[in-house]
Amino acid sequence: FDSRKNRKTVWNAGLKPNIKENQRNRKKTKRGRKRFFDNELYALRFKCERTFAWEDKFRRVIIQFEYRRELAMGFHLLAFALINFRCFHS
């Protein structure tokens, strides 16, 4: 994710790129202005993405078989309940 092209694409979309710098394969520190990075915002984003990843483990939620929106929402709520139960139970 840490590339000039990705940062420019995010910036041109009107957003601030909060991308952690990749330190691999770098022998010296990078010259110039330090890039924007907010640890608190990154941690919040990671929580959201982790929750979506947990939700993706439920196949019925990913592939919407239901034609009625109420049933689809019910399966989403059931998936979230199972995720929360798993976290609180352990």
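Novice: Would you mind showing me how to read the packing of aromatic side chains here?
Specialist: Each aromatic ring pair is specified by the distance between its two centres and by the angle formed by the two planes. Inspection of the entire model under this criterion finds 1 aromatic pair. Relative to Tyr42, the ring of Phe37 has its centre 5.2 Å away and its plane inclined at 55 degrees; by these criteria the two rings are tilted. Of the residues examined, Phe37 reaches a relative accessible area of 29% and is grouped as partly exposed. Looking at Tyr42, the relative accessible area reads 28%, which means it is partly exposed. The aromatic ring of Trp54 is capped on one face by Arg86, whose charged end is 5.4 Å from the ring centroid.

Cut-offs and rules
- Residues numbered from 1 in each chain as written.
- Predicted model: local features only at pLDDT ≥ 70, side-chain atom pairs only at ≥ 80, totals over all residues.
- Heavy atoms only, no water.
- Phe/Tyr/Trp six-rings, centres within 6.5 Å; stacked < 30°, edge-to-face > 60°.
- Buried < 20%, exposed > 50% of the residue type's maximum accessible area, 1.4 Å probe, protein only.
- Lys NZ or Arg CZ within 6 Å of the ring centre and 35° of its normal.

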